[in-house]
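Chain by chain, the residues:
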Amino acid sequence: MTRPKPTDYYARDRRWHPPAYAPDYKTSVSRSPRLPLLSLENTASEITGPTFGQNDIAVGDNDLLSNFARPGENPIGERILLHGRVLDENARPVPNTLVEIWQANASGRYRHKKDGYIGALDPNFGGCGRTLTDDQGAYAFRTIKPGAYPWRNGLNDWRPAHIHVSVFGHAFAQRLITQLYFEGDPLIARCPIVNTIPDPAAVQQLIARLDINETLPLDMIAYRFDIVLRGRRSTLFENRMEGN
Amino acid sequence: MTLPYRPHFLQQSLTPLKETPSQTAGPYVHIGLAPGDAGFQIYDTELGQDIAGPNAAGDRIRVEGRVFDGTGAPVRDVLIEVWQANAAGLYPHPETPGTGDGGPESTENGFRGWGRVISNFESGSWSFDTIKPGGVAGRNGRSMAPHINLWIVARGINVGLNTRLYFADEPDANASDPVLNLIEQTDRRATLLAQPVSGTGSAQNPRVYQFDIHLQGPGETVFFDI
């Protein structure tokens, strides 16, 4: 296997991401740096990152319908196939990278000791899954569609149905956590966390689309969610990283 | 002879995809990334529990700290990811020399260089055990002082925050570190220095460093746009 050329990653477009300080999302007010981020040219510390293999996960970790359920039972809720690809900004697939998800159950309740919402826990639903992308960057999970739930921000704020997604890529500079939403949900436009993102086109990138062709008839609805990580330069010029 | 102006022919398209925008990890990040700490067992192995492994050379260390918000209160739902080189200054990654191209393995068997740390839900304290990394080759032939890369996510943090932990007991290496020297306000460089408090560095008696992170306000930690 030849070693990829160690080149810089494209600068992150900070106008596409939410700002640290987004006062309508109240918790961000005291948790946002006030001083500017210091821009750093990539070094070995940023263009490398942890690697994962099949030994790190188990078969079935990506099946939230069964990975916590009692034998022969199923979680309550709308069964969905969540699938997509992990690409970089150059539209190249990102293979063999770890994708982890977590979510509330169908009643909007998280299996977490700090969640006291009245929505019922589902004894057959844990709410987390993980998988590695294949050599084409593709991933898939089986799960249930999470429920919306209220949260303490404004007096009457509700989170749209969403699934949290964590992706590594191949460099620490590509590390990303985000949330996916579901096409057609009227709560998306009202959500203060969604609305931390300034550009409506960027919000569209977080909405999983109903994928009728991948639906399993008489079994489960499919949603497609592609994930784009930072891309990198293709050419190496003289201002190169030594030691590589 | 001049060419006719035909922008639809001559202007090439440069339309890369846009990076997926970030959203906060939220208060229940543990369910996905550390379910045992959320209160249930689901995976055979949780990832990121052992950074250095048993075979890594170098001094054994423990880093302890807390993350504080702008009011001075500890952040009790934070998750930190750690990424570091081994004692020889090499990362376990295909782009590190000697790795994955038929050359000798460049890092010790079992050395992941990566870990996950969560704060105590009541006190906000966290700690992780690892080995002290070596200096790492930087850009343009300059060496970087030993450091650990940190990525911080929590409720209220919209895009994960990148910073570096350097070691206060490496004054010479720190003084010539190209990244620390980028920090214009020299007093702020100290926000990236972990202070040794005890221990020798042996497996039985790891050297303990204290490293607090201030998201905002007096002593605000230097965060990087990497």
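Residues numbered from 1 in each chain as written. Chains lettered and ligands numbered in written order. Predicted model: local features only at pLDDT ≥ 70, side-chain atom pairs only at ≥ 80, totals over all residues. Heavy atoms only, no water.

## Looking at the overall build of chain B
If you tally the helices and strands in chain B, you get four helices and 12 strands. With the principal axes as the frame, chain B shows a C-alpha extent of 80 × 45 × 40 Å. Considering chain B as a whole, with its 226 residues, one finds that 54% of them fall into the buried category. (Helix = DSSP H or I, 4+ residues; strand = E, 2+ residues; numbered from the N terminus. Buried < 20%, exposed > 50% of the residue type's maximum accessible area, 1.4 Å probe, protein only.)

## Some thoughts on the overall build of chain A
Across its full length, chain A carries three helices and 12 strands. A compact globule built from 244 residues should have a C-alpha radius of gyration of about 18 Å, and chain A, at 19 Å, falls within 12% of that. Based on the C-alpha atoms only, the size of chain A along its principal axes is roughly 60 × 45 × 35 Å. By the burial criterion, 55% of the 244 residues in chain A qualify as buried. In chain A, 71% of the contacts between residues at least 6 apart in sequence involve partners at least 24 apart. On chain A, the mean spot of the 29 positive side-chain charges and the mean spot of the 27 negative ones are 6 Å from each other. (Rg over C-alpha atoms; globule rule 2.2 N^0.38 Å. Contact = heavy atoms within 4.5 Å. Lys, Arg positive; Asp, Glu negative; His and termini not counted. Charge placed at Lys NZ, Arg CZ, Asp CG, Glu CD.)

## With respect to the pairing of strand β10 (residues 207–210) of chain B
Residues and elements named next belong to chain B. Bridging between strand β1 (residues 60–68) and β10 involves four bridges; their strand directions are parallel. Residue Glu 64 lies in a different strand from β10, and its bridge partner there is Gln 210. Bridging between strand β9 (residues 193–198) and β10 involves three bridges; their strand directions are antiparallel. Bridged to Gln 195 within β10 is Gln 210. (Pairing = 2+ DSSP bridges.)

## Some thoughts on unusual backbone geometry
Glycine aside, the phi torsion of most residues is negative, and most peptide linkages are trans. All names here are of chain A. Notably, Ala 91 is not glycine yet its phi reads approximately 65°, a positive angle. For Ala 91, the position within the fold is in the loop between β2 (79–88) and β3 (98–103). Accessibility expressed as a relative area gives 44% for Ala 91, which makes it partly exposed. Even without being glycine, Asn 96 reaches a positive phi, approximately 55°.

## Looking at the environment of Tyr 28 of chain B
Mapping Tyr 28 of chain B onto the fold places it in the loop between α1 (7–10) and α2 (29–33). For the pair Tyr 28 of chain B and Leu 47 of chain B, spaced 19 residues apart in the sequence, the C-alpha separation amounts to 17 Å. Apart from the residues lying within four places of it in its own chain, the contact partners of Tyr 28 of chain B are Trp 102, Tyr 110, His 112, Lys 114 and Asp 115 of chain A.

## Side note on the interface of chain B and chain A
Taken together, the contacts link 84 residues of chain B with 97 residues of chain A. Both faces considered, chain B and chain A share a buried interface measuring about 8100 Å² in area, 56% of it formed by carbon and sulfur atoms. The three residues of chain B that bury the most area against chain A are Glu 19, Gln 23 and Arg 139 of chain B, which together make up 12% of that side's buried surface. Between Arg 139 of chain B and Asp 8 of chain A there is a salt bridge, and its shortest N-O distance comes to 3.1 Å. For the side of chain B that touches chain A, the secondary structure elements donating two or more residues are α2, α3 (35–38), β2 (79–84), β3 (114–118), β5 (136–137), β7 (147–153), β8 (161–167) and β12 (224–225) of chain B. Summarising the sheet, strand β1 (residues 38–39) of chain A and β12 of chain B pair through two bridges and their orientation is parallel. Considered in β12 of chain B, the bridge of Leu 38 of chain A is made with Phe 224 of chain B. (Buried area = accessible area lost by both parts, 1.4 Å probe. Salt bridge = Lys/Arg side-chain N within 4 Å of Asp/Glu carboxyl O.)

## Digging into empty space enclosed by the protein
Empty space among the atoms becomes apparent when a probe as large as a water molecule is rolled across them. Per the counting criterion, the structure on display carries four cavities of 30 Å³ or more. By volume, the largest cavity is sized at about 70 Å³. Contributing to the lining of the largest cavity are 14 residues, with Ile 177 of chain A together with Ser 22, Trp 151, Val 159 and Gly 160 of chain B lying nearest its centre. Of all the elements in the fold, those that place two or more residues in the lining of the largest cavity are β9 (176–182) of chain A together with β7 of chain B. The computed volume of the second largest cavity comes to approximately 60 Å³. Taken together, Leu 40, Ser 45, Glu 46 and Phe 172 of chain A together with Asn 149, Leu 150, Asn 162, Thr 163, Arg 164, Phe 224 and Ile 226 of chain B form the lining of the second largest cavity. (1 Å grid on protein atoms, 1.4 Å probe; cavity = no way out; pocket = protein on both sides within 12 Å on 5 of 7 lines; lining within 4 Å. Points joined across faces, edges and corners; volume = space filled by probe spheres on them.)

## Quick word on the confidence of the model for chain B
Model confidence for chain B is summarised by a mean pLDDT of 92, while 90% of its residues fall at 70 or above. For this predicted complex, the interface confidence comes out at an ipTM of 0.95, alongside a pTM of 0.94. (pLDDT = per-residue confidence, 0-100.)

## What to know about the packing of aromatic side chains
Working definition: an aromatic ring pair is given by the centre-to-centre distance plus the angle between the planes. Taken as a whole and assessed by the stated rule, the structure comprises 13 aromatic pairs over all chains. Here the guanidinium or amino end of Lys 18 of chain B rests over the ring plane of Trp 16 of chain A, the centre of that ring lying 5.1 Å away. (Phe/Tyr/Trp six-rings, centres within 6.5 Å; stacked < 30°, edge-to-face > 60°. Lys NZ or Arg CZ within 6 Å of the ring centre and 35° of its normal.)

## As for the nonpolar core
By size, the foremost hydrophobic cluster in this structure holds 87 residues, and its most contacted members are Trp 102 and Phe 225 of chain A. Per element, the largest residue contribution to this core is five residues, and it comes from β9 of chain A. Listed in part, the 25 residues of the second largest apolar core include Val 67, Val 75, Phe 128 and Phe 211 of chain B. (Core = buried A, V, L, I, M, F, W, Y, C linked by side-chain atoms within 4.5 Å.)

## Considerations on the environment of Leu 121 of chain A
Residue and element names in this part refer to chain A. By the secondary structure assignment, Leu 121 is in the loop between β3 and β4 (128–132). C-alpha separation for the pair Leu 121 and Ala 106, spaced 15 residues apart in sequence, amounts to 9.0 Å. With near-sequence residues (within four places) excluded, Leu 121 lies in contact with Asn 105, Arg 109, Tyr 110 and Arg 111.

## Description of the side chain of Thr 191 of chain B
Residues and elements named next belong to chain B. By the element assignment, Thr 191 lies in the loop between α4 (171–175) and β9. With relative accessibility at 16%, the residue Thr 191 sits in the buried group. Within the structure, Thr 191 has its side chain in polar contact with the backbone oxygen of Arg 188 (distance 2.7 Å). Apart from residues no more than four positions distant in its own chain, Thr 191 is found in contact with Phe 211, Asp 212, Gly 219, Glu 220, Thr 221 and Val 222. (Polar contact = N/O pair within 3.5 Å; in protein donor to acceptor, adjacent residues only side chain to side chain.)

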